[in-house]
Protein chains: 2
Amino acid sequence: MASMTIIDIAKMCGVGVTTVSRAINNHPDISEETKAMIMKVIKENHYVPNNSARNLKRSASKTIAVLIKGITNPFFNRMIQVFEKEIQRKKYSFILQRVDENQDEIDVAIELEKEKRLKGIVFLGGNFSHAKEKLEQLTVPFVLSTIGMAAEYDPHEYSSVSVDDFKESYKMVDYLCKLGHRQIAILTASMDDVSIGKLRYEGYKKALEDHGLQVNDKLVFSMKEDIESYSMENGYVVTKELLASGEDFTALFAVSDSLAVGACKAIFESGKSVPGDYSVAGFDGLDIAYYYNPSITTIRQPVEEIAEETIKILFDLIHKKTTHAHKTFPAELVVRESTVPLFR
Amino acid sequence: MASMTIIDIAKMCGVGVTTVSRAINNHPDISEETKAMIMKVIKENHYVPNNSARNLKRSASKTIAVLIKGITNPFFNRMIQVFEKEIQRKKYSFILQRVDENQDEIDVAIELEKEKRLKGIVFLGGNFSHAKEKLEQLTVPFVLSTIGMAAEYDPHEYSSVSVDDFKESYKMVDYLCKLGHRQIAILTASMDDVSIGKLRYEGYKKALEDHGLQVNDKLVFSMKEDIESYSMENGYVVTKELLASGEDFTALFAVSDSLAVGACKAIFESGKSVPGDYSVAGFDGLDIAYYYNPSITTIRQPVEEIAEETIKILFDLIHKKTTHAHKTFPAELVVRESTVPLFR
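Counting restarts for each chain, with residues numbered from 1 along the sequence as it is written. For naming, the first written chain is A and the first written ligand is 1, with later ones following in the order written. Only residues with pLDDT of at least 70 get local features here, since the model is predicted, and only at 80 or more are side-chain atom pairs given and counted; chain-wide, interface and lining totals rely on the full set of residues. Heavy atoms throughout the structure, all of them, feed into the side-chain values; hydrogens and water do not.

A. Main features of the overall build of chain A. The helix and strand tally for chain A stands at 13 helices and 12 strands. Every radius of gyration here is taken over C-alpha atoms, with the globule rule written as 2.2 Å times N^0.38, N being the number of residues. In terms of overall size, chain A is more extended than a compact globule, its C-alpha atoms giving a radius of gyration of 25 Å where 344 residues would be expected to give roughly 20 Å. With respect to the principal axes defined by its C-alpha atoms, chain A has extents near 80 × 50 × 30 Å. Here chain A has roughly 14500 Å² of accessible surface; of this, 48% comes from carbon and sulfur atoms. We treat Lys and Arg as the positive residues and Asp and Glu as the negative residues; His and chain ends play no part in the count. For charged residues, the charge sits on one atom: NZ in Lys, CZ in Arg, CG in Asp, CD in Glu. Side chains of chain A give 42 positive and 49 negative charges; the mean places of these two sets differ by 8 Å. Working definition: helices are DSSP H or I runs of at least four residues, strands are E runs of at least two. Numbering for both runs from the N terminus. Here the accessible surface of atoms and residues is derived via Shrake-Rupley with a 1.4 Å probe, and residues count as covered only by protein chains that are part of the display.

B. Region of interest: the sheet that holds strand S8 (residues 251-254) of chain A. Residues and elements named next belong to chain A. When DSSP finds two or more bridges between a pair of strands, those strands are recorded as paired. One open sheet holds the 4 strands; their spatial order is S7-S6-S8-S9, and the pairing between them is parallel. The outermost strands of the open sheet, each flanked by one partner alone, are strand S7 (220-222) and strand S9 (279-281). Strand-to-strand twist in this sheet, taken as the mean axis angle between neighbours without regard to direction, amounts to 15°. The strands touched by helix H10 (residues 232-245) within the sheet are strand S6 (184-188), S7 and S8, with S7 carrying the most contacts at an inclination of about 145°. Here, residues are in contact when the closest pair of their heavy atoms is within 4.5 Å. To get an axis, fit a line to the C-alpha atoms, keeping to the stretch in contact for a helix; angles then go from 0 to 180 degrees between the N-to-C directions. Each of S6, S8 and S9 touches helix H11 (residues 257-269); the most contacted strand, S9, lies at about 160° to it.

C. Layout of the domain arrangement of chain A. Throughout the structure description, domain borders are defined by an automatic or database domain assignment. Per the domain assignment, the segments of chain A are domain 1 (6-56), domain 2 (63-163 + 302-329) and domain 3 (165-301). A straight line from the C-alpha centre of domain 1 of chain A to that of domain 3 of chain A covers 57 Å.

D. Structural detail: the side chain of Ser160 of chain A. Residue and element names in this part refer to chain A. Take Ser160: it is sitting in strand S5 (residues 160-163). Since its relative accessible area comes to 12%, Ser160 is described here as buried. If near-sequence neighbours (up to four positions away) are discounted, Ser160 is found in contact with Val143, Leu144, Ile313, Ala325, His326 and Lys327. With a 1.4 Å probe rolled over the protein chains alone, any residue whose accessible area is under 20% of its type maximum counts as buried; one over 50% counts as exposed, and the rest are partly exposed.

E. Representation of the environment of Lys132 of chain B. By the secondary structure assignment, Lys132 of chain B is in helix H7 (residues 132-135). With 21 residues separating them in the primary sequence, Lys132 of chain B and Tyr153 of chain B have C-alpha atoms 7.8 Å apart.

F. Inspection of the nonpolar core at higher detail. Met79, Phe83, Leu176 and Phe253 of chain A together with Met79, Phe83 and Phe253 of chain B are the most contacted members of the largest nonpolar core, which totals 160 residues. Setting aside its immediate chain neighbours within four residues, Phe253 of chain B contacts Ser169, Met172, Val173, Leu176, Ala185, Ile186, Leu187, Ala281, Gly282 and Phe283 of chain B. Definition used in this section: a nonpolar core is a set of buried Ala, Val, Leu, Ile, Met, Phe, Trp, Tyr and Cys residues joined via side-chain atoms within 4.5 Å.

G. Local environment of the packing of aromatic side chains. Centres within 6.5 Å make a pair out of two Phe, Tyr or Trp rings, where for Trp the six-membered ring is used; the pair is then stacked when the planes are under 30 degrees apart, edge-to-face when over 60, and tilted otherwise. Counted under the stated rule, the structure contains 17 aromatic pairs over all chains. A ring pair is formed by Tyr290 of chain A and Tyr291 of chain A, whose centres lie 4.9 Å apart and whose planes are at 75°; its orientation type is edge-to-face. Under the relative-accessibility criterion, Tyr290 of chain A is labelled partly exposed at 27%. Residues Tyr201 of chain B and Tyr204 of chain B carry aromatic rings whose centres are separated by 6.0 Å and whose planes lie at 40° to one another, so their mutual orientation is tilted. Note that Tyr201 of chain B and Tyr204 of chain B are positioned in helix H9 (residues 196-210) at a spacing of 3 residues, about one turn of the helix. A single burial state applies to Tyr201 of chain B and to Tyr204 of chain B, both of which are buried. Counting every residue linked through ring pairs, the aromatic cluster contains Tyr236 of chain A together with Tyr290 and Tyr291 of chain B. A ring is considered to have a charge above it if a Lys NZ or an Arg CZ atom is located within 6 Å of its centre and within 35 degrees of its normal. Sitting over the face of the ring of Tyr290 of chain B, Lys265 of chain A holds its NZ or CZ atom 4.6 Å from the ring centroid.

H. The environment of His326 of chain A, seen in detail. Residue and element names in this part refer to chain A. Considering the arrangement of structural elements, one finds His326 in strand S11 (residues 326-329). His326 gets classed as partly exposed once you look at its relative accessible area, which sits at 35%. In contact with His326, not counting residues within four places along its chain, are Pro155, Tyr158, Ser159 and Ser160. Counted as a polar contact is a pair of N or O atoms within 3.5 Å, where, for protein atoms, one must be capable of donating a hydrogen and the other of accepting one, and residues adjacent in sequence contribute only when both atoms are in side chains. Within the structure, His326 has its side chain in polar contact with the backbone oxygen of Pro155 (distance 2.6 Å). Engagement of the side chain of His326 in a polar contact is seen with the backbone oxygen of Tyr158, the distance being 2.9 Å.

I. Quick look at the pattern of salt bridges. By salt bridge we mean one thing: a side-chain nitrogen of Lys or Arg within 4 Å of a carboxyl oxygen of Asp or Glu. In the structure shown here, the tally under the stated rule is 27 salt bridges over all chains. Note that Arg78 of chain B and Glu304 of chain B form a salt bridge whose closest N and O atoms lie 2.6 Å from each other. Remark: Glu304 of chain B occurs in helix H13 (residues 303-318) and Arg78 of chain B occurs in helix H5 (residues 75-89); sequence separation between them is 226 residues. The class of Arg78 of chain B is partly exposed, set by a relative accessible area of 33%. In this structure, Lys240 of chain B and Glu269 of chain B form a salt bridge, with 2.9 Å as the shortest nitrogen-oxygen distance. Of this pair, Lys240 of chain B sits in helix H10 (residues 232-245) while Glu269 of chain B is found in helix H11 (residues 257-269), placing the two residues 29 residues apart along the sequence. When its relative accessible area of 36% is taken as the criterion, Lys240 of chain B is described as partly exposed. Residues joined in a network through salt bridges with shared partners are Lys85, Glu86 and Arg89 of chain A.

J. The arrangement of the sheet that holds strand S8 (residues 251-254) of chain B in detail. Residues and elements named next belong to chain B. Read across the sheet, 4 strands follow the order S7-S6-S8-S9 without closing on themselves; strand pairing throughout is parallel. Two strands close off the open sheet at either side, each with one partner strand: strand S7 (220-222) and strand S9 (279-281). Across the sheet, the mean angle separating the axes of adjacent strands is 15° when strand polarity is ignored. Bridging between strand S6 (residues 184-188) and S7 involves 3 bridges; their strand directions are parallel. Looking at S7, one finds that Ile186 is bridged to Val220. This element, H9, spans S6 and S7 of the sheet and lies at about 170° to S6. Sheet strands touched by H11: S6, S8 and S9. Its angle to S9, the strand with the most contacts, is close to 160°.

Structural data, given as structure tokens:
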């Protein structure tokens, strides 16, 4: 029965394949009687029509899990689509597993490994600062995708794909400095974040220094920990505080586009404008940065390339073609309406 | 070994439970030597620490699948979080399965049912216009969540949770008419969509009629089928066409907030303003409708209540407390900056 095809059904019904297809797809050019007869035969024989279903057939033992921290972050949406496509193309099954912000992704991975007999894992988003001994509990290959890794890790012990968060952050702040801005606020991760947040903050600091500027701690703001990370709401709430602090600034670098959108909203509500009163820049290259009013200057990450390379490396690890690999993609400074020279 | 606890590890190491916890969580207040010793014991004993991991433990045979059409639609993000929480609270396992726009969700469901021995299914998003005989191939309980159902279905044969798409759409267009608008364009689903798109279009039509207006077909625009449904890009491209058509209008009702954002962008690029030249309204109540500039008038769907009720009904079906149930939640007209009276 498992190997039954649409041709078998057509034969049993005494009709052509096209007619069966029409019945299955609820096509108007078939009589109700014929359709009912065909669907009855299909049902009795437990025939599963349609290629999409056949494509889904997978060996339960060949599964890749993608563990994602921050599923509501639109940055990951396009990546998830690419992961799924690439994993299915390799004839592996795909599990998407959310990890809560307060969950430990390694614990989740270890548990999934046992339960689903995984062949590989992609960690997507979040920070990564686990004890080395804990990482070693993972017995299957894994790749960190768009996760900054703390410097103390030995690069031989893991694989990663991302942009250079330090360099790209530097690029943005260097650009703001070249526009003449001297008082540049940053909205970043909490100061105990040791990966992406730290790297982007370090890039900010270095760019200021190279322009002869010092970091003013009163212009360094961290996301709220009780609000979703990198979200519009977080950007909004923190920028309200920045504005209320009374500290002068002329530009704001938010380390995600969603944060930048929230920041703009807070500025508008205070009766000020972007970019007239404040230049605002984001990071990521989300669609909304283009569609927002004003459109938002950002660093566009090549998300599809990052996702494809992640899967490529994961399968190289699975097939033992490599023991570890690190790939860094360049990102692009996209200048839009939200940033202008200080004195026009 | 499976029942090993943190207390066992602490005993084996000759330290307190707090110390073990510190080692696991990479806490600074523990010496490197002690930590290394504890992690070694943990590793040798294959102990899986942390509650988050224990919460993940699930019986493989008690699984609920959520099949989602349009995973990049931010409308679903919050719902997915609620589904996962509620399903885990019932001690069931949770599978999130994407369905491509061109895939048949019933085929995917039938295949998953076999492979994962599901106990129940939630269909999230998309249209629903399958042959009755095909629906009957599903042997486990299922609930349609935020899916408009074609009128020809017998409500005894399925369960659903959603807003009343006809009524809520009527509410928005009635509001625009009361602002004095007479030439109201709509950006909706394709005309062969028989569920949400049709219902929202019908609500639009009825509201116009009740204000003594006729539908002008030249102001009815469908989303592009080759661009992601309900997306900003789709709203942008279609509104460009609307503007290029030269047909006069003063208000635009886009049937999702993302479409409305894209519509605003197209209007700005044409040198016109919102709401000065055109009032624009959306639907859904996404965060971005609030954070956009101008903020966008919308119909806010109670997504958390819808998600919770979906799971409640699904478990009522699983436990045979009911054979079918339909719940419709009221949504809220949220008036913001993007809509104004025609002649101020």
